[in-house]
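Topology and contacts: notes
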Amino acid sequence: MIDFVIDKMNGDTSGRHNESRQGEAYAPFFNDPEAYSKKFYIESYGCQMNFADSEIVASILNKEGFGATRNFQEADLIFINTCSVREKAEQTVRKRLTEYKKIKNQNPGILIGVLGCMAERLKSKFLEEEKLVDIVVGPDAYRTLPVLIKEAEGGQKAVNVLLSREETYADISPVRLDSNGVTAFVSIMRGCNNMCTFCVVPFTRGRERSRDAGSIVKECKELFDQGYREVTLLGQNVDSYYYINESNDETITFAKLLEKVARISPLLRVRFSTSHPKDITDEVLQTIAGYENICNYIHLPVQSGSTRILQLMNRTYTREWYIGKVDRIRELIPDCGISSDIISGFCTEMEEDHNQTLDMMEYCKYDMSYMFFYSERPGTLAQKRFKDDVPEEIKKRRLQEVVEIQNKLSLESNKKDIGKTFKVLIEGDSKRSDKDWMGRNSQNKVIVFPKTAENPGTAGLKKGDYVNVAVTDCTQATLIGKITCD
Ligand code: SAH
Ligand code: SF4
Ligand code: F3S
């Protein structure tokens, strides 16, 4: 578990919605790469929304005759979909760019493009700083990629970083990249209006807008028909989803949207991320409680346990209000998994504030948390208004204490599950052995169990199937069990 601590301490992980893909870069893979005359390679950083955007980009590039490759050496076009949320995330991208620039030096015909939040933040400065970059495209401008690529092929530098108030890519069917064929992410909104003072996202992603509900349900239904069994609805703040349909006769809130997606089939699990505590309503909680296939799991980032710091962060809730929300979740959905995001060492944070965060963690008994030390971002309200005055070694020491408490809480939470039986959706082979399956329960905990069931009735299981698993043991990160027919 030390790896986990070090990873987080370095701020290495900038993604967050799905542990297994956190901060990992990936390159896509197609079944029939020969069907395309040219090849592109794309690698993604940051949150799941960025990964979902890469799947939109892949769809646009396919139509332009570019097939994906996992091997950047054979690509005509190299794209990096970038994240700006912490300085470390940007450093990682810069390092990757220097590697790709070497390739470009050897083969000047290759085009290198920077997409996503860092492209939006730095705009054409990227072309001045990183001379070998040919294309810079912000998150709302992917539809113009075909034109930009043509410009770049003609030897011009191509930039489009215009943000939009409307763009949701609703009509573009994402090409699923690196998929397990069982779980998929579906964007339901873009942008963020919240202006948490530490956060760069409102500047890189623009105003909040909700995607057409009909197109969301259609995409989820198609996924189900293709054999997918779980969708995660994605947005920076899903609980403020709000859509009035075209005939103006239906207002769709997030609770209504959840219900519509849950009704596609009882066999389709529904998850969502992220919930800002201020916006999650009783209606949403009751909808979760009312549908077996809406997972009992809420990612409810607290950021800090101190009301004073929460106010400086502009989170708009107090410590007591957040605790009230957690109490309400436990009342309406008693077995709900809850996870959090925590920032250590925000401007002016004192030992007393930090201790309140540790206290808050103990109270909420988070099953899991993503933990970071504060990284000042240019242009944010915090950078303009406050001094980044907590010394780095104190930030790191506090983060270490936060991580230690979370490790303890995760282990305690997992130990409580020993002896319980959960319905698990099989996602594939376990990482360690192809003799074991890996899946998740409703609470989003990973469960590993042997394929060879003692009961012959369970033979022929495959990924995408549901199975009951009795938990017999655990580590801090994983439940271990065996298939049961009880
Ligand atoms: N919309 C999501 C969060 C997006 S960013 C939400 O509101 O929960 C993901 C997480 O990164 C945040 O929850 C926060 O914990 C962390 N983060 C954002 N800006 C940061 C910064 N400047 N320094 C350190 N961590 C930051
Ligand atoms: Fe950033 Fe706050 Fe918006 Fe989340 S809700 S993306 S932390 S501004
Ligand atoms: Fe990073 Fe942009 Fe997501 S800054 S966390 S990739 S919205």
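Below is a summary of the structure that appears in this document. Every residue gets a number counted from 1 within its own chain, in the order that chain's sequence is written. Chains and ligands are labelled sequentially in the order written, the chains with letters from A and the ligands with numbers from 1. For this predicted model, a pLDDT threshold of at least 70 governs which residues receive local features, and a threshold of 80 or more governs which side-chain atom pairs are given and counted, while totals over whole chains, interfaces and linings are taken from all residues. In computing side-chain properties, one takes all heavy atoms of the structure into account and sets aside hydrogens as well as water.

To qualify as a nonpolar core, a set must consist of buried Ala, Val, Leu, Ile, Met, Phe, Trp, Tyr and Cys residues joined through side-chain atoms within 4.5 Å. Buried means the residue's accessible area, taken with a 1.4 Å probe over protein chains only, is under 20% of the maximum for its type, while exposed means over 50%, and partly exposed covers the values in between. Residues L233, Y241, F254 and I298 are the most contacted members of the largest nonpolar core, which totals 57 residues. In terms of nonpolar packing, the next biggest core, distinct from the first, is built from 26 residues, I56, L145, A158 and I172 among them.

Think of it this way: DSSP has to see at least two bridges between two strands before they count as a pair. Think of it this way: any DSSP run of H or I at least four residues long counts as a helix, any run of E at least two long counts as a strand, and we number them from the N terminus. Strand order in the closed barrel formed by five strands is β17-β18-β19-β21-β20, and the pairing between neighbours is mixed. On average, each strand axis in the sheet is tilted by 50 degrees relative to the strand beside it, whichever way the strands run. Both strand β19 (residues 446-450) and strand β21 (residues 479-483) contribute to a ladder of two bridges, which runs parallel. Within the sheet, the bridge partner assigned to V448 lies in β21 and is I480. A fitted line through C-alpha atoms serves as each axis, taken over the contacting stretch for helices, and the angle formed by two N-to-C directions is quoted from 0 to 180°.

Here the amide bond leading from S273 into T274 is cis, since omega sits at 10 degrees, within 30 degrees of zero. Along the polypeptide, T274 turns up in the loop between β13 (269-273) and α10 (282-290). In the Ramachandran plot, K123 falls in the positive-phi region, its phi being about 50 degrees despite a non-glycine side chain. Position of K123 among the secondary structure elements: in the loop between α4 (117-122) and α5 (125-129). K123 sits in the partly exposed class, given a relative accessible area of 36%. With a phi close to 70 degrees, T316 is a non-glycine residue in the positive phi region. Relative to the elements of secondary structure, T316 occurs in the loop between α11 (307-312) and α12 (319-332).

Direction vectors running N to C along α10 and α12 enclose 30 degrees, while the axes themselves pass 10 Å from each other. As far as their axial angle goes, α12 and α10 are roughly parallel. Of the two elements, α10 crosses α12, and the hand of that crossing is right-handed. Note on element contacts: α12 touches α10 through R328, I329 and L332, opposite D282, L285, Q286 and A289. Ten residue types, Ala, Val, Leu, Ile, Met, Phe, Trp, Tyr, Cys and Pro, are classed as nonpolar, four, Asp, Glu, Lys and Arg, as charged, and the remainder, Gly among them, as polar. For the contact of α10 with α12, the per-class residue count stands at four nonpolar, one polar and two charged. Note that the term roughly parallel is reserved for angles under 35 degrees, roughly antiparallel for angles over 145, roughly perpendicular for angles of 65 to 115, and oblique for everything else. A clockwise turn of the near helix away from the far one marks a right-handed crossing, whereas an anticlockwise turn of less than a right angle marks a left-handed crossing. In this analysis, two residues are considered to be in contact whenever any of their non-hydrogen atoms come within 4.5 Å of each other.

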